[in-house]
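Now for the letters of each chain:
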Amino acid sequence: TIFFTILGLIYIAPIIIVLLNSFKKKSFINLEPFKLPSAKNFIGLDNYTTALDQYGLLKAVGWTVFITVGSVIVILICTSMCAWAITRVKNKFTNAFYLLCVFSMVVPFQMVMFTLSLIADRLKLNTPWGIIIIYLGFGAGLAVFMFTGFVKGIPLEIEEAALIDGCNPLQVFFKILIPILKPTIISTAILQLMWVWNDYLLPTLVLDIKKYRTIPMAVQYFRGSFGHVQMGPMMASIMIDIIPIVIVY
């Protein structure tokens, strides 16, 4: 217990340091990064208001929430239906499709990022609405894998009983399977939320940076020319990025 407590504090320490420095003046962040805020260095919520007002972080938060929520909802609905079909309809096509989904987990994103950005630009997917489709493609592998494993453990007799009682396939899925799948839905949603919310590379490659910025993209704009960095607002923006996903988790 003592060992893992110390280990936990080591992992939490950077977040605490960011939180403390988000309430300090810039000069004191550079000189005294590990000291607690005091009357001399405390600046209140000025760093937060500067980040939200002057650097457009509030708009970035809005786009991040939209992309994250939209992507996770689409991923959960499409992949759970796909896993159900793969499990119940057993033929060569579904087996091959399942293997392709699993294979997509192995391929590194860096191998396809240049061709992806080119295709996304030509298909006009370089918008917050279009990137949701791209996230569905990259998130489908893990989600289908998790849902398929869980659906295999659900007795087929439950679905047959629902069909005998007059349910159509959609009613069987949403009224019977979805309530049973709740634990897997929650686990998959948490994993996908953390991935999409914190993703920097894919939005940077796909989105029009001048129009749409997510929070990880917006943080980079606190770095000015000649190595100048707005440390106070940057620390505040990082805390704004961290807090929502920690609460959701």
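Refer to the structure presented above.
Residues numbered from 1 in each chain as written. Predicted model: local features only at pLDDT ≥ 70, side-chain atom pairs only at ≥ 80, totals over all residues. Heavy atoms only, no water.

**Considering the packing of aromatic side chains**
Here's step 1: A complete count under the given rule lists 13 aromatic pairs for this structure.
Here's step 2: Each ring, one from Trp63 and one from Trp129, has its centre 6.0 Å from the other, and the planes form 80°; the classification is edge-to-face. Highlighted residues: Trp63 in helix H4 (residues 57-88) and Trp129 in helix H7 (residues 128-151), separated in sequence by 66 residues.
Here's step 3: Taken together, a centroid distance of 5.9 Å and an interplanar angle of 70° make the contact between Phe66 and Trp129 edge-to-face. Taken as a pair, Phe66 in helix H4 and Trp129 in helix H7 lie far apart in primary sequence, 63 residues in all. (Phe/Tyr/Trp six-rings, centres within 6.5 Å; stacked < 30°, edge-to-face > 60°. Helix = DSSP H or I, 4+ residues; strand = E, 2+ residues; numbered from the N terminus.)

**Focus on the side chain of Thr50**
Here's step 1: Mapping Thr50 onto the fold places it in helix H3 (residues 46-53).
Here's step 2: Within the structure, Thr50 has its side chain in polar contact with the backbone oxygen of Asp46 (distance 2.8 Å).
Here's step 3: Apart from the residues within four sequence positions on either side, Thr50 is in contact with Tyr55 and Pro233. (Polar contact = N/O pair within 3.5 Å; in protein donor to acceptor, adjacent residues only side chain to side chain. Contact = heavy atoms within 4.5 Å.)

**Regarding the packing of H4 against H7**
Here's step 1: Where H4 contacts H7, the axes come no closer than 6 Å and their chain directions differ by 40°. Comparing the axis directions of H4 and H7 gives the class oblique. Here H4 and H7 pass one another in a crossing that is right-handed.
Here's step 2: For the contact of H4 with H7, a count of residues per class yields 22 nonpolar, seven polar and one charged. (Axes fitted to C-alpha atoms, helices over the stretch in contact; angles between N-to-C directions. Parallel < 35°, antiparallel > 145°, perpendicular 65-115°, else oblique. Left-handed = near helix turned anticlockwise from the far one by under 90°. Nonpolar A, V, L, I, M, F, W, Y, C, P; charged D, E, K, R; others polar.)

**Things to note about unusual backbone geometry**
Here's step 1: One non-glycine residue, Lys124, adopts positive backbone phi at about 60°.
Here's step 2: For Lys124, the location among the structural elements is in the loop between helix H6 (113-122) and H7.

**Observations regarding the pattern of salt bridges**
Here's step 1: Taken as a whole and assessed by the stated rule, the structure comprises one salt bridge.
Here's step 2: The partner of Arg88 in a salt bridge is Glu159, with the nearest N and O atoms 2.7 Å apart. Taken together, the residues span a long stretch of sequence, with Arg88 in helix H4 and Glu159 in helix H8 (residues 156-164) at a distance of 71 residues.
Here's step 3: On the basis of relative accessibility, which here comes to 5%, the residue Glu159 falls in the buried class. (Salt bridge = Lys/Arg side-chain N within 4 Å of Asp/Glu carboxyl O. Buried < 20%, exposed > 50% of the residue type's maximum accessible area, 1.4 Å probe, protein only.)

**Description of the nonpolar core**
Here's step 1: Core analysis: the biggest nonpolar cluster contains 37 residues, and Leu57, Leu76, Trp84, Phe147, Leu177, Leu181 and Ile215 have the highest contact counts within it.
Here's step 2: Where this core is concerned, the elements lending two or more residues are H3, H4, H7, helix H9 (169-180), helix H10 (182-198), helix H12 (215-219) and helix H13 (231-248).
Here's step 3: Top element by residues in this core is H4. It accounts for eight residues.
Here's step 4: Setting aside its immediate chain neighbours within four residues, Leu177 contacts Trp84, Ile154, Glu159 and Val172.
Here's step 5: Counting residues in each nonpolar core, the second largest holds 15 residues, with Ile67, Phe109, Met113 and Leu207 among its members. (Core = buried A, V, L, I, M, F, W, Y, C linked by side-chain atoms within 4.5 Å.)

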